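Structural characterization, general
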Amino acid sequence: MLTEKIEKYYSKEFDLNCAETMVYSANEEYGLNLDKKALKMASGFGGGMGIESVCGALTGGIMVLGVLFTKEKAHESERVKTLEKEFLSRYKDKMGDILCKPLKEKHHNDEVRCLNVIKEAGVILDDIVKRELGTPSR
């Protein structure tokens, strides 16, 4: 399950940021076969792209949607754009925002850091991915 992978990768053992956590977790869960160089692309999106803008868990989730639902280029289909809008809308409805700073103010603490923020993004992403791929939820 994606949230279990999120707990694994957001640990002190791996020391990943929120965007990296989402991409690494999805890579393992969905068998994306992303290599280390591709995984590193998520590094700059943690902490809301370093400026507390859009949450890294969400930008990481959007990267995953792009890998899974874009054939070659984004302009070939509206599908990925539609899925991104759903992902962000559902997340905002649940958590109250999509921006890092207000999410941290509301949900971050020293014990779990942003784990709950990332896990909620994972729940929504996993629901969308499994629905779109026709994979039953566990």
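Residues numbered from 1 in each chain as written. Predicted model: local features only at pLDDT ≥ 70, side-chain atom pairs only at ≥ 80, totals over all residues. Heavy atoms only, no water.

Here we come to the overall build of the chain. For the chain, the count of helices and strands is 8 helices and 0 strands. Walking the chain from its N terminus toward its C terminus, one meets helices and strands in the order α-α-α-α-α-α-α-α. Rg of the C-alpha trace for the chain: 14 Å, near the compact-globule value of 14 Å for 138 residues, within the 12% margin. Burial statistics for the chain: of 138 residues in total, 41% are counted as buried. Considering only residue pairs separated by 6 or more positions, the chain has 63% of its internal contacts joining residues 24 or more positions apart. Roughly 7,800 Å² of accessible area belongs to the chain as shown, and the carbon and sulfur atoms make up 51% of that amount. Of the charged side chains in the chain, 22 are positive and 23 negative; the average position of the first set lies 2 Å away from that of the second. (Helix = DSSP H or I, 4+ residues; strand = E, 2+ residues; numbered from the N terminus. Rg over C-alpha atoms; globule rule 2.2 N^0.38 Å. Buried < 20%, exposed > 50% of the residue type's maximum accessible area, 1.4 Å probe, protein only. Contact = heavy atoms within 4.5 Å. Areas by Shrake-Rupley, 256 points an atom, 1.4 Å probe, with all protein chains shown as cover. Lys, Arg positive; Asp, Glu negative; His and termini not counted. Charge placed at Lys NZ, Arg CZ, Asp CG, Glu CD.)

Once that is clear, we can look at the nonpolar core. In a soluble, globular protein the nonpolar side chains are often hidden away together inside. M22, L65, F87, Y91, I118 and L125 are the most contacted members of the largest nonpolar core, which has 30 residues in total. Elements with a contribution of two residues or more to this core: α1 (2–9), α2 (18–30), α5 (56–69), α6 (79–95) and α8 (115–133). At 8 residues, the largest contribution of residues to this core is made by α8. When near neighbours in sequence (up to four residues on either side) are disregarded, F87 contacts A57, L58, G61, I62, L65, A121, I124, L125 and I128. (Core = buried A, V, L, I, M, F, W, Y, C linked by side-chain atoms within 4.5 Å.)

Turning to the packing of α1 against α2, a few remarks are in order. At a closest axis distance of 8 Å, the pairing of α1 and α2 adopts a crossing angle of 130°. The pairing of α1 with α2 is recorded here as oblique in orientation. In the crossing of α1 with α2, the sense of the turn from one axis to the other is right-handed. Residue-level inspection shows L2, K5, I6, K8 and Y9 of α1 in contact with α2, the latter providing T21, M22, Y24, S25, A26, E28, E29 and Y30. Along the lines of polarity and charge, the residues of the contact of α1 with α2 split into 7 nonpolar, 2 polar and 4 charged. (Axes fitted to C-alpha atoms, helices over the stretch in contact; angles between N-to-C directions. Parallel < 35°, antiparallel > 145°, perpendicular 65-115°, else oblique. Left-handed = near helix turned anticlockwise from the far one by under 90°. Nonpolar A, V, L, I, M, F, W, Y, C, P; charged D, E, K, R; others polar.)

Bringing the packing of aromatic side chains into the picture now. Under the defined criterion, the tally for this structure stands at 2 aromatic pairs. Here the aromatic cluster, defined as three or more aromatic residues joined through ring pairs, consists of Y9, F14 and Y24. The ring of Y10 carries the charged tip of R113 above its face, separated from the ring centre by 4.0 Å. (Phe/Tyr/Trp six-rings, centres within 6.5 Å; stacked < 30°, edge-to-face > 60°. Lys NZ or Arg CZ within 6 Å of the ring centre and 35° of its normal.)

With that settled, the discussion passes to the environment of N116. Tracing the backbone through its elements, the reader meets N116 in helix α8. As for N116 and I6, which are separated by 110 residues in sequence, their C-alpha atoms are 9.8 Å apart.

Here T21 shows up in helix α2. A residue is classified by how much of its surface remains accessible, and T21, at 0% relative accessible area, is buried. Aside from chain neighbours lying at most four places away, what touches T21 is I6, Y9, Y10, L16 and I118.

It is worth spelling out the side chain of N27 at this point. The topology assignment puts N27 in helix α2. According to the relative accessible area criterion, N27 is buried, its value standing at 14%. Side-chain polar atoms of N27 contact the backbone nitrogen of N33, separated by 3.2 Å. Aside from chain neighbours lying at most four places away, what touches N27 is L32, N33, L34 and L39. (Polar contact = N/O pair within 3.5 Å; in protein donor to acceptor, adjacent residues only side chain to side chain.)

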